[in-house]
Amino acid sequence: MSLLEKATGNFWIDNGLVALHRMLGGADLPEDVNTVVQQIVGRIYVETGKTAKYWDKAIGELLTYNKRNWKEPTGLFISVVDAVPKVEIEGKQYYTRPPEPKIQIQPKGKNQRCDFCGALGATVDAKLYLFPFVVDPGKFGNFYSSARRGLKMCPRCAVAGFAAFESWLWRRQGNTYHFFLFHTDLDRLDALQNSLVLPLQQEAEGRSGNFNAPFFGEYPFENLFGLLLCLFAIIRQRESEGHLDPILAELTGAQAVVGSPIVLYTISGAYGGQSFSMRALNQFDRFQPMYRLYCRWLERLGTENPHRTLEQVFRQFQHRRQQSVETLWREQICRAILQQADPMPVVESFLYDVSVETRRALSYGTLEVFQIYSQEVMKMEEKLLNILSGFGYHLGSQAAQKSEMGLLYALRNAKNLDQFLEVLNQIQFTLEMTINPELLRVEPNERIAGAPWNRVKTLLAIHAMNAYLRTKYPTSTATSEGGEP
Ligand SMILES: [Zn+2]
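Residues numbered from 1 in each chain as written. Predicted model: local features only at pLDDT ≥ 70, side-chain atom pairs only at ≥ 80, totals over all residues. Heavy atoms only, no water.

## With respect to the pattern of salt bridges
Here comes step 1: Per the counting criterion, the structure on display carries 18 salt bridges.
Here comes step 2: When the shortest N-O distance is used, the salt bridge between glutamate 222 and arginine 330 registers 3.0 Å. Taken as a pair, glutamate 222 in helix H5 (residues 220-241) and arginine 330 in helix H9 (residues 328-338) lie far apart in primary sequence, 108 residues in all. Neither glutamate 222 nor arginine 330 differs from the other in exposure class; each is buried.
Here comes step 3: For the salt bridge of arginine 315 with glutamate 311, the shortest nitrogen-to-oxygen distance reads 3.9 Å. With a gap of four residues between them, arginine 315 and glutamate 311 both fall in helix H8 (residues 306-315), about one helical turn apart. The burial state of arginine 315 is the same as that of glutamate 311; both residues are buried.
Here comes step 4: One network of salt bridges, in which partners are shared, links Lys383, Glu438, Arg441 and Glu443. (Salt bridge = Lys/Arg side-chain N within 4 Å of Asp/Glu carboxyl O. Helix = DSSP H or I, 4+ residues; strand = E, 2+ residues; numbered from the N terminus. Buried < 20%, exposed > 50% of the residue type's maximum accessible area, 1.4 Å probe, protein only.)

## Details of the environment of valine 456
Here comes step 1: Tracing the chain through its elements places valine 456 in helix H15 (residues 453-472).
Here comes step 2: Remark: the alpha-carbon pair of valine 456 and proline 155, spanning 301 residues in sequence, is separated by 60 Å.
Here comes step 3: If near-sequence neighbours (up to four positions away) are discounted, valine 456 is found in contact with Leu384, Leu388, Phe420, Leu439, Ile448 and Ala451. (Contact = heavy atoms within 4.5 Å.)

## Structural notes on the side chain of threonine 327
Here comes step 1: Tracing the backbone shows threonine 327 in the loop between strand E13 (324-326) and H9.
Here comes step 2: The buried category is assigned to threonine 327, whose relative accessible area is 2%.
Here comes step 3: With residues up to four places along the chain from it excluded, the contact list for threonine 327 reads Phe216, Gly217, Glu218, Tyr219, Glu222, Phe317 and Gln318.

## A short note on the sheet that holds strand E15 (residues 447-448)
Here comes step 1: In space, the three strands of this open sheet follow the order E14-E15-E16, with antiparallel pairing throughout. The open sheet has two edge strands, strand E14 (442-443) and strand E16 (451-452), and neither has a second partner.
Here comes step 2: As paired strands, E15 and E16 are joined by two bridges and run antiparallel to one another. When the sheet's bridge partners are listed, arginine 447 is paired in E16 with proline 452. (Pairing = 2+ DSSP bridges.)

## Looking at H9
Here comes step 1: Of all eleven residues that make up H9, eight are buried, and the element is covered over most of its length.
Here comes step 2: Those residues of H9 that fall on the buried side of the exposure criterion are Trp329, Arg330, Glu331, Ile333, Cys334, Ala336, Ile337 and Leu338.
Here comes step 3: Remark: glutamine 340 follows H9 within two positions and exhibits a positive phi of approximately 55 degrees.

## Concerning the nonpolar core
Here comes step 1: Among the nonpolar cores identified, the biggest contains 152 residues, and Phe133, Phe162 and Phe314 are the most heavily contacted of them.
Here comes step 2: With eleven residues, H5 is the single largest residue contributor to this core.
Here comes step 3: The residues contacting phenylalanine 162, other than those within four sequence positions of it, are Val37, Ile40, Val41, Ile44, Ile78, Ile103, Tyr129 and Leu130. (Core = buried A, V, L, I, M, F, W, Y, C linked by side-chain atoms within 4.5 Å.)

What follows is the structure, given as structure tokens:
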């Protein structure tokens, strides 16, 4: 039976089956799975570049060997050590041979049911290096429910579990790790690995991750968003060259989905010196609408390198405080966009709480990116958006010229429709400006010109403060790269 013939439905094991299929060149597993286990060890137990000495008893000499260790971050999940006997030579302890941790799959019993594929036969108990996400069932109960009594694995699932470490995409930020794994039918997962995951992995392999993220931080959604930008850049490139393979055409929506939908699992957690503890597990499958949005953004930013401009728009929502970089604003904005919610209140907070302090307007293209979002996803009318951007710009520049920043804060802090109208009245009076009558068109359910009043307020506050900062500090508009942590 080919390895791709029978899926388990578990994203980790299925990824491992695909990895094995590729490793074995399409052949099936041999009778003795441990020859394959050793092959995998050879790929992930690698030389560190350091050397050490061991005492060779046979020839009675100290010999040098190359130290090896588990590739990061696989090593977080492997606690197998080789207890090599030591000897003392001239007051120092030496191994009697280079350590060689033994990973072996030794199935026991018969008529046991594998918890992953349901096969009956001999099984092994699941270890973290075979299935790293055995989690607290109380916390992630719907994710894996039988973990309470320990998991049983048949040899096929066990060796697949060990092979799956090569399938993930990951990022690291301090002690926080983010892992990403696709899942769908095995043959399509194989296609996806070949056309998307491997090219991404080949770009980078370092201590901070195995793909080049445009930005990163300790929270899950900003990292997922960063990964999507990377994926979409590849897909868009292939699309423009006219060779988008069928599986990628499914992601863009150019082709109908012909099987199980493609899901991206994202797992975040921290390594506490002893073990990995999972903090968040999310699934993302809204590739088509996100890709459409991405393309709309690039069209609108149609400058020299719109993808880079877009990266910078999202990269900017962070703030350096002493030694660390806080990225919570980016996380909340990315989360809102990925969940089709309203990110504007967070953009507003960032402008009033951070940009005012750094004296820097939003980076080039930011207002355009959120205008597209408000139109496409929040279904706001283009006409109203244009009024808000035009009037907001005028308001902000006037406030800057007359040093009336307090008015903008009053606008931002308006807690209800009455307060909002009151502030507009004040603006009219203090800045001698005419308010666009559309903004005074109050409708039932506290709506203004067809939109909820607070959305109108937030957008106006954003445009106004941005114009204020641009007018006051014209040279410091954020076109810089923005500090990476
Ligand atoms: Zn199994």
